[in-house]
Amino acid sequence: MRRMNGITDKDVERYMDELLPARDDVLREMEERAERESIPIIGPAVARVLYQYARLIGARRVFEMGSAIGYSTIWLARAVGEGGKVYYTDGSRRNADDARAYFERAGVADRIEILVGDSRDLIDTLEGEFDLIFNDVDKHQYPDAFRKAAPRIRSGGLLVTDNALWYGRVAREGTDPDTEGVREFNRLIYSSDDLYSVILPIRDGLAVCLKR
Ligand SMILES: C[S@@+](CC[C@H](N)C(=O)[O-])C[C@H]1O[C@@H](n2cnc3c(N)ncnc32)[C@H](O)[C@@H]1O
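An account of the accompanying structure is given in this report.

Cut-offs and rules
Residues numbered from 1 in each chain as written. Predicted model: local features only at pLDDT ≥ 70, side-chain atom pairs only at ≥ 80, totals over all residues. Heavy atoms only, no water. Helix = DSSP H or I, 4+ residues; strand = E, 2+ residues; numbered from the N terminus. Rg over C-alpha atoms; globule rule 2.2 N^0.38 Å. Buried < 20%, exposed > 50% of the residue type's maximum accessible area, 1.4 Å probe, protein only. Contact = heavy atoms within 4.5 Å. Near = heavy atom within 4 Å. Polar contact = N/O pair within 3.5 Å; in protein donor to acceptor, adjacent residues only side chain to side chain. Areas by Shrake-Rupley, 256 points an atom, 1.4 Å probe, with all protein chains shown as cover. Nonpolar A, V, L, I, M, F, W, Y, C, P; charged D, E, K, R; others polar. Pairing = 2+ DSSP bridges. Axes fitted to C-alpha atoms, helices over the stretch in contact; angles between N-to-C directions. Phe/Tyr/Trp six-rings, centres within 6.5 Å; stacked < 30°, edge-to-face > 60°. Parallel < 35°, antiparallel > 145°, perpendicular 65-115°, else oblique. Left-handed = near helix turned anticlockwise from the far one by under 90°. Core = buried A, V, L, I, M, F, W, Y, C linked by side-chain atoms within 4.5 Å. Expected span 1.5 Å × (residues − 1). Arc of directions from axis to C-beta.

### Considering the overall build of the protein chain
- Of regular secondary structure, the protein chain possesses eight helices and seven strands.
- Scaling as 2.2 N^0.38, a compact globule of 212 residues should have a C-alpha radius of gyration of about 17 Å, and the protein chain matches this with 16 Å.
- Overall, the protein chain is about 40 × 40 × 30 Å in size when its C-alpha atoms are taken along their principal axes.
- By the burial criterion, 53% of the 212 residues in the protein chain qualify as buried.
- Residue pairs in contact within the protein chain that sit at least 24 positions apart in sequence constitute 69% of those at least 6 positions apart.

### Section: the site of the ligand
- Residues in contact with the ligand amount to 21 residues; listed here are only the nearest, Ile42, Ser72, Asp90, Ser119 and Gln141.
- Within the backbone of serine 119, a nitrogen or oxygen atom sits 2.9 Å from a nitrogen atom of the ligand.
- Contacts to the ligand include aspartate 136, whose side-chain N or O atom sits 2.9 Å from a nitrogen atom.
- Compared with its free state, where it exposes 600 Å², the ligand has 88% of that area covered by protein.
- Breaking the shell around the ligand down by element, the ones donating at least two residues are α4 (71-80) and α6 (119-122).
- Here the residues of the shell around the ligand are counted per class, giving seven nonpolar, eight polar and six charged.

### Examining the sheet that holds strand β5 (residues 153-162)
- Pairing in this open sheet of seven strands is mixed, and the strands run β3-β2-β1-β4-β5-β7-β6 from one edge to the other. The open sheet has two edge strands with one neighbour each: β3 (112-116) and β6 (195-200). When strand polarity is set aside, the average angle formed by the axes of neighbouring strands in this sheet is 15 degrees.

### Some points on the packing of aromatic side chains
- Within the structure shown, the criterion is met by nine aromatic pairs.
- Arranged with centres 5.0 Å apart and planes meeting at 65 degrees, the rings of tryptophan 166 and tyrosine 167 form a pair that is edge-to-face.
- You can call tryptophan 166 buried: its relative accessible area is 10%.
- Here the aromatic residues Tyr51, Tyr71 and Trp75 are joined through ring pairs into a cluster of three or more.

### Some details on the packing of helix α7 (residues 142-149) against helix α8 (residues 177-191)
- Contact pair α7 / α8: the axes reach a minimum separation of 7 Å and the direction vectors enclose 35 degrees. Contacts between α7 and α8 involve Tyr142, Pro143, Phe146 and Arg147 from the first element and Gly181, Val182, Glu184, Phe185, Leu188 and Ile189 from the second.
- For the contact of α7 with α8, the residue count by class is seven nonpolar, one polar and two charged.

### A few points about the packing of helix α2 (residues 25-37) against α4
- With their axes 10 Å apart at the nearest point, α2 and α4 run at an angle of 155 degrees to one another. With respect to α4, the axis of α2 lies roughly antiparallel. As for the relative orientation of α2 and α4, their crossing is left-handed in sense. Residues Val26, Leu27, Met30 and Glu31 of α2 lie in contact with α4, whose contacting residues are Tyr71, Ile74, Trp75 and Arg78.
- Looking at the contact of α2 with α4 residue by residue, the class counts come to six nonpolar, no polar and two charged.

### Topic: the nonpolar core
- Counting 41 residues, the largest nonpolar core has Ile74 and Leu132 as the members making the most contacts within it.
- Counting 28 residues, the second-largest nonpolar core is a separate cluster that includes Val170, Phe185, Leu188 and Ile189.

### Remarks on helix α3 (residues 43-56)
- In a regular helix each residue adds 1.5 Å, so 14 residues correspond to 20 Å; α3 covers 20 Å between its end C-alpha atoms and thus fits that length.
- Of the residues making up α3, those classed as buried are Gly43, Pro44, Ala45, Val46, Ala47, Val49, Leu50 and Ala54.
- Once α3 ends, the next one or two residues include glycine 58, with phi positive near 65 degrees.

### Side note on helix α5 (residues 93-106)
- With 14 residues, α5 should reach 20 Å at 1.5 Å per residue; the first-to-last C-alpha distance of 20 Å fits that figure.
- Of all the residues in α5, the buried ones are Ala96, Ala99, Tyr102, Phe103 and Ala106. Down the axis of α5, the buried side of the element spans an arc of 125 degrees, and every buried residue falls inside it. Facing away from the buried surface of α5 by more than 90 degrees, the exposed residues are Arg94 and Glu104.
- Buried residues belonging to α5 abut α2, α4, β2 (85-90) and β3.
- Two to three positions downstream of the cap, the backbone nitrogen of arginine 94 sits 3.3 Å from a side-chain oxygen, assigning the N-cap of α5 to serine 92.

Printed below as a string of structure tokens:
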């Protein structure tokens with residue numbers, strides 16, 4: 001699992017990781033692969049927050065922006081339960097093929113629809129509102145992802161976004177497009193009249209925005 005710098009104290013982060021219950025074989029295999037191949041998945045600590053929030057609001061229809069090999073998608077699919085629906089979106093067909101195999105093995109393939117392309121365009125191809133949108137696209141795209149996602153969430157629903165503290169760079173040096181993208185995103189979520197936002201300083205920062 002990726003270790004983040006400068007947000008949570010390393011010893012505290014290790015302690016929290018050691019408390020986490022074991023995952024099933026599929027999730028553990030994905031975590032090991034992500035570590036080996038440097039695939040930036042949210043990891044189990046953040047996944048549990050995502051799962052908990054989805055359950056708290058009774059989420060049944062979820063749109064995910066940036067799904068990679070589908071690790072976060074599986075947690076979301078388990079949270080929505082049978083009859084729920086999660087839209088997986090990623091720009092890579094290869095990721096989508098890998099994800100499909102994991103979904104089958106995890107027993108959640110029937111509640112996930114796989115869409116390949118730019119998440120910011122794919123959301124326009126679907127009608128209706130979502131209970132929860134999880135945003136994890138490239139960081140320079142965050143302001144644009146916000147503009148696409150926020151209007152599509154139902155009242156009382158959530159926009160959840162990973163990497164809101166971007167290794168601490170948002171608070172320190174850095175004028176690169178990714179850091180600026182996350183900074184602008186954070187300004188947008190806190191200044192929006194439609195959202196009640198918090199950033200949880202877990203791992204790389206998780207922004208949770210409640211739609212009013
Ligand atoms: C951080 S990874 C996602 C990890 C995944 N959410 C998880 O935790 O298991 C980001 C993924 O989003 C894809 N991506 C980035 N920008 C995208 C966009 N605009 N549309 C679709 N996919 C995008 C990348 O190719 C990459 O696979």
